[in-house]
Amino acid sequence: MLNRRHIRVKVMQSIYAMHQNSSDDLTKQEKFLYFSLESGLDLYLTMLAALLEIRTKEAEFIEKSKLKHLATKEDKNPNTKFVDNAVLIFLSEHKGLSDVLEVRNINNWSMNDDYIYILLDHIKRSDLYKNYLENKTNSFENDKAFIYQLFNEVIVPNEKLYEYLEDNKLTWIDDIPMVNTFISKQLKNIKEGKFESFSIPKLFKDTEDKEFVSLLFRKTVLNEEALTKEFIDKTVNWEIERIAEIDTIILKMAICEILKFPSIPTKVTINEYLEIAKEYSTPKSSIFINGILDNLVKELQLNDRLKKTGRGLM
């Protein structure tokens, strides 16, 4: 589920946290780094659990409405198209999903069902929901298209949901876009009657990606002084104290990759860190960092210090 850029961001944040806390406990920070990455899987499951719980709450509402003393005709003969949605039923009957929700103890919504009611109210007020109930077409593909739109256009943008996720775990803030994009792709690929078309992802694509976390973190932290020397003379008109701390961390991580990860192409490394700088640092940081890295790479090539072999991964 995790891609290399997300791993780089988490490593960058961990190094920044070490600097802010003036900590030199490498083992403790590395454990938290892995915990931060692991919690992204819990966010993924929490978002899927929200879909299941929304359906459950609506089913409960329908049943309670039928039993009202002064039940209306609509209460007695409700439109159950939403609770009968084939994709929501597919997810609720998916043993792999239910098993991992239980094993990882994902019970956020049982303790915070007020957010589910907020989401359900938001859904039922939307034109998307109203149009879906009025549509007489009943098919798996129609149900899937609705859930895909509902997730992306109504649930994900909900401010109250975002506030809850942000408050629940600080480490989730950067995971939210990645997780939602991943779920969106999965919803689109579900196939009727084929539970194998939906599977719980592994956190890391392979052992190489998992090892990349620790290697990048440790190689950067343990060589910070040497990595700083690689770029300090290239910061023309800039004293090191005036450079944003995030920028110095990004530079050290990028240089670490360029020098100590021979299988990762230099171009890939530079592009990745420039994108991270655009998102996490100052508006001009990417230009500043690109200039330094460009000059450094030319110097490394000139001095035959740039050793790259094989094919790197993003």
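Data block above holds the structure.
Attention in this report is confined to the structure presented alongside it. (Residues numbered from 1 in each chain as written. Predicted model: local features only at pLDDT ≥ 70, side-chain atom pairs only at ≥ 80, totals over all residues. Heavy atoms only, no water.)

**Observations regarding helix 8 (residues 127–134)**
Those residues of helix 8 lying buried are L128, Y129, Y132 and L133. Taken down its axis, helix 8 places every buried residue within 130° of arc, on the same side. Exposed and facing more than 90 degrees away from the buried side of helix 8 are D127 and E134. Next to the buried residues of helix 8 lie helix 2 (26–66), helix 7 (113–125) and helix 9 (140–155). (Buried < 20%, exposed > 50% of the residue type's maximum accessible area, 1.4 Å probe, protein only. Helix = DSSP H or I, 4+ residues; strand = E, 2+ residues; numbered from the N terminus. Arc of directions from axis to C-beta. Contact = heavy atoms within 4.5 Å.)

**Brief notes about the side chain of K144**
Assignment of secondary structure puts K144 in helix 9. Those residues in contact with K144, other than ones at most four positions away along the chain, are V87, L187, K188 and I190.

**Here we look at the packing of aromatic side chains**
Enumeration according to the criterion identifies 10 aromatic pairs in this entry. Measuring from centroid to centroid gives 5.9 Å for F32 and F35, while their planes differ by 35°, and the two rings are tilted. On the criterion of helical spacing, the pair formed by F32 and F35 is a turn pair, its members being three residues apart in helix 2. Consider the rings of F82 and Y129, whose centres lie 5.6 Å apart with planes at 70°: the pair is edge-to-face. With a gap of 47 residues between them, F82 in the loop between helix 3 (73–76) and helix 4 (86–92) and Y129 in helix 8 connect regions that are remote in the sequence. Accessibility expressed as a relative area gives 2% for F82, which makes it buried. A residue is classified by how much of its surface remains accessible, and Y129, at 5% relative accessible area, is buried. Put simply, the rings of F82, Y129, Y132 and F146 touch in pairs and so form one group of aromatic residues. A cation sits over an aromatic face here: R4 above F212, 4.1 Å from the ring centre. Across from the ring centre of Y132, 4.6 Å away, lies the NZ or CZ of K81, which sits over that ring. (Phe/Tyr/Trp six-rings, centres within 6.5 Å; stacked < 30°, edge-to-face > 60°. Lys NZ or Arg CZ within 6 Å of the ring centre and 35° of its normal.)

**Comments concerning the nonpolar core**
In this structure, Y44, M47, F82, L91, L150 and I155 are the most contacted members of the largest nonpolar core, which totals 95 residues. With 15 residues, the single largest contributor to this core is helix 2. (Core = buried A, V, L, I, M, F, W, Y, C linked by side-chain atoms within 4.5 Å.)

**Describing the packing of helix 2 against helix 11 (residues 176–189)**
The geometry of helix 2 relative to helix 11 is characterised by a closest axis approach of 10 Å and an angle of 50° between their N-to-C directions. What the angle tells us is that helix 2 and helix 11 run oblique. Of the two elements, helix 2 crosses helix 11, and the hand of that crossing is right-handed. Residues G40, L43, Y44, M47 and L48 of helix 2 form the contact with helix 11, whose participating residues are I176, V179, N180, F182, I183 and Q186. For the contact of helix 2 with helix 11, a count of residues per class yields eight nonpolar, three polar and no charged. (Axes fitted to C-alpha atoms, helices over the stretch in contact; angles between N-to-C directions. Parallel < 35°, antiparallel > 145°, perpendicular 65-115°, else oblique. Left-handed = near helix turned anticlockwise from the far one by under 90°. Nonpolar A, V, L, I, M, F, W, Y, C, P; charged D, E, K, R; others polar.)

**Some words on the pattern of salt bridges**
On inspection of all chains with the given rule, the structure shows 27 salt bridges. Between D121 and R125 there is a salt bridge, and its shortest N-O distance comes to 2.8 Å. With a gap of four residues between them, D121 and R125 both fall in helix 7, about one helical turn apart. The residue E299 makes a salt bridge to K234 at a minimum N-O spacing of 3.2 Å. Of this pair, E299 sits in helix 16 (residues 285–302) while K234 sits in the loop between helix 13 (224–232) and helix 14 (245–260), placing them 65 residues apart in sequence. Look at E299 and you get partly exposed, because its relative accessible area is 31%. Residue class for K234 comes out buried when judged on its relative accessible area of 13%. Through salt bridges with shared partners, a single network forms among R5, R8, E257 and E272. (Salt bridge = Lys/Arg side-chain N within 4 Å of Asp/Glu carboxyl O.)

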